[in-house]
Amino acid sequence: MSYRPPETYEDLIKLIHDRYDDMSKSYQKIALYLTQNPNDVAVLSVNAIGAKCGIHASSFVRYAQSLGYKGFKDLQAVFQRRLTTAAPGFDARVRALESELGGAREGEIGFLADLVARDVASLQELLASIDPTALATAADLLEAADTVYLVGQLRSAPVVELLRYVLTMLGKRTVLLDASGGLATHMARVVRTADALVVVSFRFYATEVVNVAEETAARGVPILAITDSTLSPYAKLARVLFAVPEHEYTFSRSLAAPMCLAQALCVALAARLQKDGGAPRIPVVTGP
């Protein structure tokens, strides 16, 4: 019986996920790019995609063949069919926003304009891709937890710091598994199944955060993860997973979308805790 490669985008993504753990490092990098940039995959040449990904085009051809396709063009056709009903991709959004903002600018203001356009594009993409059911499930999980534990290191640290502040102000018992002092792993061992662990982690994933998530999930603790891909180490551990793609692994990688998502989760929780029918309110430490 001959093997038929996936004909639909959904089936292709499922196959990529199923095989991801057994792939070589270069194939995993290709898989990550394909799943995070489907619009680019549909319209760019294999050479252009290889240049963006930092992997030779021939590797993309072999990867497509490993999934059962004759070559990369057959795999690309799946992405092209999807594109007929898809929202604009990240790069297309950036170009449109740059035009709205007055085009290219020089010097320092040009850096600012570029970052603003990319931040707005990332927020548009977040709104277009987020699953409303996942948002509701995440808010329910936070409400039901006796204690919300937070873990995030390196560039993820600002997101968990924001969550700690807002959740505390909402009266939710909250503990940050702080990396300082080297106690985060030991602190995580007291998390119970009645609690919840919120993980914020992006590529390249901090080893201690991955270890904490794996050990905590193994004990049946519900995990809510904000990460960059459905192929991240947290995809199989999380009760609720939010994948917020990062399109460039540079210093200017934006936290706008993860920050906005974290705030949205807090507002959704506030709406559940404040049962007075009014708009959700986030208390503040300082008053007028």
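Definitions and cut-offs
Residues numbered from 1 in each chain as written. Predicted model: local features only at pLDDT ≥ 70, side-chain atom pairs only at ≥ 80, totals over all residues. Heavy atoms only, no water. Helix = DSSP H or I, 4+ residues; strand = E, 2+ residues; numbered from the N terminus. Buried < 20%, exposed > 50% of the residue type's maximum accessible area, 1.4 Å probe, protein only. Polar contact = N/O pair within 3.5 Å; in protein donor to acceptor, adjacent residues only side chain to side chain. Phe/Tyr/Trp six-rings, centres within 6.5 Å; stacked < 30°, edge-to-face > 60°. Lys NZ or Arg CZ within 6 Å of the ring centre and 35° of its normal. Core = buried A, V, L, I, M, F, W, Y, C linked by side-chain atoms within 4.5 Å. Contact = heavy atoms within 4.5 Å. Pairing = 2+ DSSP bridges. Axes fitted to C-alpha atoms, helices over the stretch in contact; angles between N-to-C directions. Patch = residues over 30% accessible without salt bridge, like charges linked within 9 Å, V, L, I, M, F, W, Y side chains within 5 Å. Areas by Shrake-Rupley, 256 points an atom, 1.4 Å probe, with all protein chains shown as cover. Salt bridge = Lys/Arg side-chain N within 4 Å of Asp/Glu carboxyl O. Arc of directions from axis to C-beta. Expected span 1.5 Å × (residues − 1).

S.K.: What is the right way to look at the side chain of S229 in this model?
M.R.: Along the chain, the position of S229 falls in the loop between β4 (223-227) and β5 (240-243). On the accessibility criterion, S229 (2% relative accessible area) is buried. At a separation of 2.9 Å, a polar atom in the side chain of S229 contacts the main-chain amide nitrogen of L231.

S.K.: Can you walk me through the packing of aromatic side chains in this structure?
M.R.: Given two aromatic rings, one states the distance between the centres and the angle between the planes to describe the pair. The tally for this structure, following the rule as stated, stands at four aromatic pairs. Sitting above the plane of the Y9 ring, R82 keeps its charged end 5.0 Å from the centroid.

S.K.: Mind showing me how you'd approach the nonpolar core here?
M.R.: Nonpolar side chains tend to gather and get buried jointly when the protein is soluble and globular. Counting residues in each nonpolar core, the largest one holds 31 residues, and the members touching the most others are L150, L163, V198, V200, L224, I226 and F242. Counting residues per element, the ones that place at least two in this core are α9 (132-144), β1 (148-151), α10 (157-169), β3 (196-200), β4, β5 and α13 (256-273). Take this core: its biggest share by element is seven residues, from α13. With residues up to four places along the chain from it excluded, the contact list for L150 reads V160, L163, R164, L167, T174, V175, L176, L177, L197 and V198. I16, A31, C53 and F79 belong to the second-largest nonpolar core, a separate cluster that totals 28 residues.

S.K.: So what exactly am I meant to see when it comes to the sheet that holds β3 here?
M.R.: As a general point, the strands of a sheet are linked pairwise by backbone hydrogen bonds and lie either parallel or antiparallel. Overall, parallel pairing links the five strands, which are arranged β2-β1-β3-β4-β5 in an open sheet. Only two strands of the sheet have a single neighbouring strand rather than two, namely β2 (174-176) and β5. Direction aside, neighbouring strands of the sheet carry axes that sit 15° apart on average. Pairing between β1 and β3: four bridges, direction parallel. Bridge assignment links Y149 to a residue of β3, and that residue is L197. Across the sheet, helix α12 (residues 207-218) touches β1, β3 and β4, and the angle it forms with β3 is around 155°.

S.K.: Just to check I follow, could you spell out a nonpolar patch on the surface for this structure?
M.R.: Together, I109, L112, V116 and V120 make up an exposed nonpolar region whose accessible area comes to about 300 Å². By the secondary structure assignment, V116 is in helix α8 (residues 107-129).

S.K.: Whenever I open this one, helix α1 (residues 9-19) confuses me. Can you help?
M.R.: Two residues of an α-helix separated by three or four positions point the same way, owing to the 3.6 residues in each turn. Along α1, the positions that sit buried rather than exposed are Y9, L12, I13, L15 and I16. Here the buried residues of α1 occupy an arc of 160° about the axis, which is enough to place them on one side. Of the exposed residues in α1, those oriented more than 90 degrees away from the buried face are E10 and K14. In the core, the buried residues of α1 are packed alongside α2 (25-36), α3 (38-43), α5 (57-66) and α6 (72-83).

S.K.: Any chance you could explain the environment of Q124 here in plain terms?
M.R.: Position of Q124 among the secondary structure elements: in helix α8. We classify Q124 as partly exposed; its relative accessible area is 34%. When the C-alpha positions of Q124 and A257 are compared, they lie 8.8 Å apart, and in sequence the two are 133 residues distant.

S.K.: Mind showing me how you'd approach α2 here?
M.R.: For α2, with twelve residues, the first-to-last C-alpha span of 17 Å sits near the 16 Å given by 1.5 Å per residue. Of all the twelve residues making up α2, nine are buried; the element is thus mostly covered by neighbouring parts of the structure. Tucked into the core, α2 has its buried residues touching α1, α3, α4 (46-53), α5 and α6.

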